[in-house]
Every structure is written in C-alpha cells, then in structure tokens.
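# Tertiary structure, described
The chain contents come next:
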Number of protein chains: 2
Amino acid sequence: MYNKYKSIHQWNSFQLLLLYYIAAIALSTILLSLPVSQQPGIDIPFIDIVFTAVSAISVTGLSTISIAGSLSTTGIIFLALMMQIGAVGIMTIGTMLWVMLGRRIGFKERNMIMTDQNQTHFDGMVKLIKNIAYLLLIVEALFFVILGFYFTTYYTSYSEAFLQGFFAVISAVTNGGFDITGQSLIPFQSDYFVQAITMILIIIGAIGYPVIIEIKEYVFRRRKQEQRFHFSLFTKLTTTTFFSLIVVGAVGIYLFDFNGLFKNIPWHESLFYTLFQSVTTRSGGLATMDLNVLSNTNHLFMSALMFIGASPSSAGGGIRTTTFALVLIFLFTFIRGGRSVKIFHREVYEVDLNKAVTVTIFAIIIVFSSVILLTILEPVSLESIIFEVTSAFGTVGLSLGITEGLSAASKIILMILMFIGRVGILTFLLIFRRKKEPAKFNYPKERMIIG
Amino acid sequence: MYNKYKSIHQWNSFQLLLLYYIAAIALSTILLSLPVSQQPGIDIPFIDIVFTAVSAISVTGLSTISIAGSLSTTGIIFLALMMQIGAVGIMTIGTMLWVMLGRRIGFKERNMIMTDQNQTHFDGMVKLIKNIAYLLLIVEALFFVILGFYFTTYYTSYSEAFLQGFFAVISAVTNGGFDITGQSLIPFQSDYFVQAITMILIIIGAIGYPVIIEIKEYVFRRRKQEQRFHFSLFTKLTTTTFFSLIVVGAVGIYLFDFNGLFKNIPWHESLFYTLFQSVTTRSGGLATMDLNVLSNTNHLFMSALMFIGASPSSAGGGIRTTTFALVLIFLFTFIRGGRSVKIFHREVYEVDLNKAVTVTIFAIIIVFSSVILLTILEPVSLESIIFEVTSAFGTVGLSLGITEGLSAASKIILMILMFIGRVGILTFLLIFRRKKEPAKFNYPKERMIIG
Ligand SMILES: [K+]
Ligand SMILES: [K+]
C-alpha cells in the first residue's frame, strides 16, 4: 500500500517536472517570437529564440544575442516572467518531492505538517508552497522598491530606473543571470550597495527552498516557545557546504590571481570582486568584471565551482552542494576504513551515497563528452569551452565571451546541458529507469582486483 | 584467525610494494649519477636524474632529458634494467596480492594451487611467480633475437643493431616507453613488422599477469584432458575491456582526425597509425608520429584513454580497465534500477564497486588538482598540460613536447603522479587507512536530497 502510493507519486512528479519545463520552453519560444517582443527592425533567428527560451526557463542566463539590443520592453518583461516560472517550477515540484519522500522517511520523530492521511498531507504541502511563493513575492517587491529608487541616481527617467530595478531583482533572486545593461553588473563595479543586495538575492535563490522553509519554521516555532527545534540533516549539510564553498571560492579566486588582477587594487575592491564572483559562479551568473582578465587557472577553478553549483531544490543547477558533500564524506570514510558515513550525529543511507556518486560520475561524463564535441565544432581555446560547458551544466550563465559566435550544433548541446543541469541528473536518469523487476535468481559473487 | 592472517598479509604487501619502489628509485638515482652512466662531457642535473629514475621504475617513459644524447651505453643498459625491475615489481607483489586475496575468496569451487596450509600456499605462489618470470624472459630473449637481426638492415654495426633491439624489446614489454632512437618509433613509421611486434609486446606487458597465468593454466589443463576449465570473472572482464578499449581507441583517434591527418593517406597507414596509437596510449608510451599533428579533440580523447590505462597487476598504470568497467556497470545498473550488478553470470561484490568508484573519483581529483597546479607553473596550452598529467598518471609517457621545458616544481608533481599511477590509487589510499575500529554506537539514519 505505502510503497505503491509512493512510487506512483514519485514517477508522476518526475513526469510533471519534465512536462512543466517542456511546455514552458514552448510557450516562451512563442512569446519571444512575437514581433511585439523584439525591437523594431530586429529579427532574431529561430535557434537564438529557442536558446533564449531554454536559457531563461532553466534560469541559466547564457545568451547568444544581446538582450538589451534585441528585445523590446515587452520582451524584457516576458523574459523576467520566464525566469520566474523557471525558478518557481523546481521550487514547487522539487519541494513537493522533498516533502513526500525526504522528510516523510527521515523525520518520523518530528511533528510534521502532514500526517498519513493523504488529504491533510496534500493540504499541508499546498500551504507550504503558497507560503514560499508569498515569501518570494514579498522579497522581490521589497528589493524592487529599494533598487528602483536607488537606480534613479543611475538612470535619467523613473520608468527606466524601475525597469532596471525590476529586471535586476528578478534576474538575481531567480538566479537567472540575464542582464539588460548590455554588460552584466560591470556598470556597478564600484557600487558595493548594489553588489551586496545582488549577493543576498542570489543566495536566497540558490540556498534551496527546503532550507528557507526550515528557517521559517524555526523562527515561527521559537516565538511560540514550543519544543526544541532541530534543523534537518539536509539543511545542516547543504547550508554548511553552501557557505564553505563561497569562502573557498573567494579565497581560491584571490590566490589564483594573487599576482594578477588583485596585485595593485585596494583590499576592499579585491574583497568585493572575489566574494561577488564566488557567489555568482555557483549559480547566479551575473558578473562585475570581464572574466577574461582572470588567469587560466582561475577559469578552471571557476569551472569546478560552476560544476558543483547550488543547493538542491533551489533556482540553481550543477551536481548540487549535497552531492558534492556526500561524495567527499564517502571518500573520506573510505580512506579511514569506516563502513558507514556519519555527519552531524546522523548516519547517511548508503543508497543516498550511491546516488551522490552516480550523479557525480554521470555529470563528469556528460561534461567531458560535451567538451570533446565543442572542441570539434568551435575554433576557440579549450579553457573557454570548458568554462562555457560547465556554465551551462551549472545553469550559471557566465562566459568567456564565445556564446554569440557558437555554431547551431554547439547551441543545441548547450541547451541540452542547461536542461539537464536544471532538472538535475537524478531526475534526468530516472526518466530512463525501468520498472524494478525482482531478480529471478542470484548469481554467485566473485571478487575483483580494482586499480 | 583467518581474518587476522589476511589483514597482516595485506598490510605487509602494501608496505612491501612501497618499500620496493622507494628503494628501487634510490638505487636507480645512484646508478644514473655515476659518471660511467653518462656520456662524456654531459652532466645531467640532479632533478633530471631523479625524474629519469622515477620514470623508469614506474615504467612511464616521460623524460626531461634526451636519453640518446645523455646516457652512455652503460647508462642505457642500467635504464633497461630499471624498467625491468619496475615492471616485475608489480608483477610479483601484485600477483601475490591477487593470489592471496582475490582468488582465495572467489574461487573456492576451483581446485587451486594453494591450500589452507600457509606453507603450500606460499610455495605455490613462488612457483607461480617464477613461472611468469621465466615466461617473460623467454619472450624477451626470443624477440631480442628477432629484432636484433632485423635491425641489422637499419644499423651499420651488429652491436648497434642488437643494442637497439635489446632496448626496444625491454621498453615495449615492460611498457617502459623510453627510446634511444631520439624520436621514439618514428624511424619505423612505415615498418609494419616492427610496429606489429611492438604492439604484441606492449599488450603482453599491459594485459595483466593474472590473465597470462590463467591462459597458461588453460593451455596446460586442456592438454591433460582434466575437468572443464573456467576463466575467472576477473580475466573475462579485464580482457574484454582491454581489447574493447583498443578498438574504441583506434576508431576514435581515426574519427577525430578524419578530416585531418587521415584524409590523404592510404588506408593501411591510417590503420597502423590509429591501432598503434590506441595500443600505446593505454600504457606503452611509444609513438610512431609527432602527436602534435593530431587535433585538440584527439589530444583530449587520448588523455581519457591514458587516464583509464592498462589492466591491474600489469606493467601499466591509470585507474585500470577493471575499475573503468565496474564503474560503467555500476552506472548502467543504477539507470536500470537494479540493485546488484551481474556480469558473465556472476555477481560483483558491492565492496568492489565502491572501491572502483572511489578509485575513479580520487583519480579525477588528483588529475584535476595537478592540472590546476601546472597551469600556474607552466606558460603552455591547457591541452598539453592535461595530456602530460594524464600521461604521468597512466604511466604512459607520451607527451606533446613540454616535458623538457618544465619547472622543477612541475617535475616533482609529475613524479608523484607517476608513482601513484604505478602503485595504484587503492594501494596509495590504503597507506593512510586507519585500523578499523568497531563503531561504539549507531547514529539514526536520515535521508538526503541528491542533485
Ligand atoms: K544563472
Ligand atoms: K609507459
């Protein structure tokens, strides 16, 4: 009974997710094809319209066209809505999956919002998702007002300032990463206020909705003086990894251009450059500098950060922070000779470790194959190809500037990568999974020599 | 009792292997430092002597000096002996490990050479290793005579022809990959006889000694009309993978330069170029062409082949064919939703799968970190760095020509990679493994969201 219920819902959720994204991409393509979406005299090629749609719905932000130079104000508003839809899709469906599977199994000791009755369960979930949606809208509205007014010092008209503010907030909090300035956040290179707000918004979008829900629950419960609150293992692990990687990223980016860019600029500029790039490289995709000024070592390092990406059930992509953390724990435990993996006084299921490892190896194979294909198709440096491919897979959207010149075949490869990166390798793999059949008989086991 | 016996022997064998290699490298460094080893007027820097020693003992063949231009005939004979010692080290100790651990557990149904009595066990093993050593010497002597006489058509004096033949045979069968022609096998670019013999020798060295033993057992048993012979799962899997990868490698190398090198040359030249490069890239390290004429895509593809490397307990390096095969099977089974992995009507132990996955991820981390470091240290293209690093880790010895110009720091990194690649990631990791302590209590388990 319970198993049947679970497996049907699981399968439907995966189907739902795919269907949602494919429908959203189709609709976006139609919307962007309308003459009213494009600037007068501009006729964007079909492949670039599809690419923009996939990039917006997967909240990546890679672009084969100049948004500022091709889309009308209507088109820009459409683009912002697409990012919103792309980010919210995983939020709702991802959170649904998390509530159904993750918490239900692991949190029996906690008084959960849902009970075993299906109805209440579903009600609780709908309420949950509504809550996050409201939260998101409130955050967006608040920062829209702040940035809109602030931008009046940059732009001559109120309408221009508020359009820029609107797009900047949506692009940051959805981790969409598109820009209508024509050069990302480079105009705000010395404006630490805009950068700080953008970082906060990117982090809200990338930290994972289950984490936001738990923080909300935590705040709510404390006020009522109820029983002691425990953050879930998932929240502890993903958040620790998330912020550790931001610090490691900033330090790494600094060190790898210690003798380059950061040699002759003041400490606070270095701090904001490295911190902002570290945050944005994990999913945001906005940039405060031309990334070509960084060293090749930094390009490779940032590729690794993009490959890891954001937290699960967030607006980000990549293999995700939990996957990365579980793989590290798995390796560390293996060296120590331990059999089971323990973190934060909890034991991790072996099936989760296997999943994490599978996701990572698959991701490496997919990224490597894409790099191989792009080296055939594009006469550009290997660094810029690796950067572009990991950027698409991590749904980050940063680039060393090769996107606009890519061949149609390469654009298609990047679209596939953005899609896989966004729905997640695991979801993607589960589409191909056969119904489980019980083994008819067991074969004898036999040992192997490894490496 | 049994467990204690096993773990002591296991640990001692790993220690033995490390000790063996460190002692061999120290001795080789001393031998190559002797004035009699170097050509008159040549004074090889110490770091390059150590590098040559590590490269020879790990049977890699990367060289920061020109062997033909620096070593005397005595030095060349020393170098050949070092390759022999390097190749035989893993053969004996690796085979010992294989006999002790692998077969003992998996082959209870077969009448093995060893019984539970320690003495007989050890006797059988010594006999086994002696047998392989004799076999190797016979192969070497035979091909030495063939190539020596054949080379009299290339070289004016008999002594030169036989020195060249001697070195060519040792370099090929040990997978050492050094050359004293000054340009690898390029002088034999059109000599399919020399190339065919070299390929056979490289394969004998790279296919794994346990496989050779089983083939020998197979031939021996058939003659006596004993019971039906079963090849072990290990031999089936490793050999299938080994030859499949040779075919895939040749086809890939052809396709990735379909419009380049292979466009205007006859089919038999293409065949020998691709086949020879495919064989040599997996561990041999000899080349019949300047690899710079191949495309960047091919350089990346060959880097992947070098990363995989040869079979376990052979003269090769890399993550090894079994590891690669088990990882693929692991991934495939995961997609299909199966829980246990079956190949050739046998089930694989989960602990072996975990080992294979661990080895692969560790190898990727080590290779990636080395590439990052070399991009800081060397002002050369990323392709040539990736090629050099995977060549060292796979103990292959191919290069795009950057070895001689490397900084001391990069040379040290490559030495470490050659060492790890040769002893194998698993052996390397087990050095750091703590004594297993039973867990004092179990933590509650908790599920995770992956990717
Ligand atoms: K993005
Ligand atoms: K070699």
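Residues numbered from 1 in each chain as written. Chains lettered and ligands numbered in written order. Predicted model: local features only at pLDDT ≥ 70, side-chain atom pairs only at ≥ 80, totals over all residues. Heavy atoms only, no water.

### Examining the overall build of chain A
For chain A, the helix and strand inventory stands at 16 helices and three strands. Residue burial in chain A is summarised as follows: out of 451 residues, 59% are buried. (Helix = DSSP H or I, 4+ residues; strand = E, 2+ residues; numbered from the N terminus. Buried < 20%, exposed > 50% of the residue type's maximum accessible area, 1.4 Å probe, protein only.)

### Overview of the coordination of the potassium ion (ligand 1)
Residue and element names in this part refer to chain A. Around the potassium ion (ligand 1), the protein contributes the donor atoms Val59 (O), Thr60 (O), Asn175 (O), Ser283 (O), Gly284 (O), Thr395 (O) and Val396 (O), at 2.4 to 3.0 Å from the metal centre. Counting the intervening residues between successive donors of the potassium ion (ligand 1) yields the motif V-T-x114-N-x107-S-G-x110-T-V. Grouping residues by exposure puts serine 283 and glycine 284 together as buried. (Donors = N, O, S within 2.8 Å, 3.2 Å for Na, K, Ca; no water.)

### A word on the pattern of salt bridges
Residues and elements named next belong to chain B. A complete count under the given rule lists two salt bridges over all chains for this structure. Linking aspartate 48 and lysine 411 is a salt bridge whose minimum nitrogen-to-oxygen distance equals 2.8 Å. Placement of the pair is aspartate 48 in helix H2 (residues 46-57) and lysine 411 in helix H15 (residues 408-423), with a sequence separation of 363 residues. Residue classification places aspartate 48 among the buried residues on the basis of a relative accessible area of 7%. (Salt bridge = Lys/Arg side-chain N within 4 Å of Asp/Glu carboxyl O.)

### Examining the packing of helix H13 (residues 350-377) of chain A against helix H14 (residues 382-393) of chain A
Residue and element names in this part refer to chain A. Contact geometry for H13 and H14: axes closest at 9 Å, N-to-C directions at 135°. Of the possible angle classes, the one that applies to H13 and H14 is oblique. The two elements H13 and H14 cross, and the hand of that crossing is right-handed. Facing H13, whose interface residues are Ala363, Val367, Ser370, Val371, Leu374 and Thr375, H14 presents Leu382, Ile385, Ile386, Val389, Thr390 and Phe393. (Axes fitted to C-alpha atoms, helices over the stretch in contact; angles between N-to-C directions. Parallel < 35°, antiparallel > 145°, perpendicular 65-115°, else oblique. Left-handed = near helix turned anticlockwise from the far one by under 90°. Contact = heavy atoms within 4.5 Å.)

### Some words on the coordination of the potassium ion (ligand 2)
Residues and elements named next belong to chain B. Looking at the potassium ion (ligand 2), one finds its protein donor set to be Val59 (O), Thr60 (O), Asn175 (O), Ser283 (O), Gly284 (O), Thr395 (O) and Val396 (O), positioned 2.4 to 3.0 Å from the metal centre. For the potassium ion (ligand 2), the donor residues sit on a single chain with the sequence spacing V-T-x114-N-x107-S-G-x110-T-V. Of the two residues, glycine 284 sits in helix H10 (residues 267-284) while valine 396 sits in the loop between helix H14 (382-393) and H15, which places them 112 residues apart along the sequence. Of the two residues, glycine 284 and valine 396, both sit in the buried class.

### Focus: the side chain of serine 184 of chain B
Residues and elements named next belong to chain B. The residue serine 184 is located in the loop between helix H6 (158-173) and helix H7 (192-206) in this model. What makes serine 184 buried here is its relative accessible area of 10%. Each residue touching serine 184, except ones within four places of it in the same chain, is listed here: Asp179, Leu286 and Ala287.

### Quick word on the side chain of serine 37 of chain A
Residues and elements named next belong to chain A. Mapping serine 37 onto the fold places it in the loop between helix H1 (2-33) and helix H2 (46-57). From its side chain, serine 37 meets the backbone oxygen of leucine 31 in a polar contact 2.6 Å long. For serine 37, the contacting residues outside a window of four places in its chain are Leu31, Leu32, Ser70, Leu71, Ser72, Gly75 and Phe78. (Polar contact = N/O pair within 3.5 Å; in protein donor to acceptor, adjacent residues only side chain to side chain.)

### Quick notes on the nonpolar core
Counting residues in each nonpolar core, the largest one holds 253 residues, and the members touching the most others are Phe393 and Ile425 of chain A together with Phe393 and Ile425 of chain B. Those residues within four positions of phenylalanine 393 of chain B in sequence are excluded, and the remaining contacts are Phe307, Gly317, Gly318, Ile319, Ala363, Val367, Leu417, Ile420, Gly421 and Ile425 of chain B. (Core = buried A, V, L, I, M, F, W, Y, C linked by side-chain atoms within 4.5 Å.)

### What to know about a nonpolar patch on the surface
Residue and element names in this part refer to chain B. Nonpolar side chains collect at one region of the surface, where Val247, Val251, Tyr254, Leu255 and Phe258 lie side by side and expose about 460 Å² of accessible area between them. Examined against the element boundaries, leucine 255 turns out to sit in helix H9 (residues 233-256). Look at leucine 255 and you get exposed, because its relative accessible area is 52%. (Patch = residues over 30% accessible without salt bridge, like charges linked within 9 Å, V, L, I, M, F, W, Y side chains within 5 Å. Areas by Shrake-Rupley, 256 points an atom, 1.4 Å probe, with all protein chains shown as cover.)

### Thoughts on the confidence of the model for chain A
Residues and elements named next belong to chain A. In this model, chain A carries an average pLDDT of 82, and 81% of its residues clear a pLDDT of 70 or more. Counting interchain partners and residues more than four positions distant, the pLDDT-below-50 stretch residues 102-121 has 40 contacts. Throughout residues 434-441 the model reports pLDDT below 50, and contacts reaching past four residues in sequence, or to other chains, amount to five contacts. (pLDDT = per-residue confidence, 0-100.)

### Some remarks on the packing of H14 of chain A against H14 of chain B
Packed helices, taken two at a time, are described by the angle their axes make and the gap between the axes. The contact between H14 of chain A and H14 of chain B brings their axes to 8 Å, and the two run at 80°. Of the possible angle classes, the one that applies to H14 of chain A and H14 of chain B is roughly perpendicular. Residues Leu382, Glu383 and Ile386 of chain A of H14 of chain A form the contact with H14 of chain B, whose participating residues are Leu382, Glu383 and Ile386 of chain B.

### Quick notes on helix H11 (residues 296-308) of chain B
Residues and elements named next belong to chain B. A rise of 1.5 Å per residue sets the reference length of H11, with its 13 residues, at 18 Å; its end C-alpha atoms lie 19 Å apart and thus fit the reference within 8%. Counting buried positions along H11 gives eleven out of 13 residues, so the element sits mostly inside the fold. Phi turns positive, to about 75°, at glycine 309, one or two residues after H11. (Expected span 1.5 Å × (residues − 1).)

### Brief notes about unusual backbone geometry
Of note in this structure, serine 184 of chain A is not a glycine but carries a positive phi near 50°. For asparagine 175 of chain B, which is not glycine, the phi torsion reads 60° and is therefore positive. Assignment of secondary structure puts asparagine 175 of chain B in the loop between H6 and H7.

### Quick look at the environment of methionine 289 of chain B
Residues and elements named next belong to chain B. Within the fold, methionine 289 resides in the loop between H10 and H11. The exposure class of methionine 289 is buried, given its relative accessible area of 5%. Setting aside anything within four residues of it in sequence, one finds methionine 289 in contact with Ile186, Gln189, Leu261, Tyr273, Gln277 and Leu294.

### Digging into the packing of aromatic side chains
Residues and elements named next belong to chain A. Taken as a whole and assessed by the stated rule, the structure comprises 34 aromatic pairs over all chains. Considering the side-chain rings of tyrosine 150 and tyrosine 154, the 6.3 Å spacing of their centres and the 50° angle between planes classify their relative orientation as tilted. When the ring of tyrosine 158 is compared with that of phenylalanine 162, the centres are 6.3 Å apart and the planes differ by 15°; the resulting orientation is stacked. Note that tyrosine 158 and phenylalanine 162 are positioned in helix H6 (residues 158-173) at a spacing of four residues, about one turn of the helix. Across from the ring centre of phenylalanine 242, 5.1 Å away, lies the NZ or CZ of arginine 282, which sits over that ring. (Phe/Tyr/Trp six-rings, centres within 6.5 Å; stacked < 30°, edge-to-face > 60°. Lys NZ or Arg CZ within 6 Å of the ring centre and 35° of its normal.)

### Considering the environment of leucine 400 of chain B
Residue and element names in this part refer to chain B. Along the chain, leucine 400 falls in the loop between H14 and H15. For the pair leucine 400 and phenylalanine 387, spaced 13 residues apart in the sequence, the C-alpha separation amounts to 7.2 Å. When neighbours within four sequence positions are excluded, leucine 400 is seen to be in contact with Leu291, Asn292, His299, Glu383, Ser384, Phe387 and Glu388.

### Structural notes on H10 of chain B
Residues and elements named next belong to chain B. For H10, built from 18 residues, the straight-helix expectation of 26 Å at 1.5 Å per residue is met to within 8% by its first-to-last C-alpha distance of 24 Å. By the criterion of burial, H10 is predominantly enclosed, with 13 of the 18 residues buried. Among the residues trailing H10, glycine 285 stands out with phi positive, at a value near 90°.

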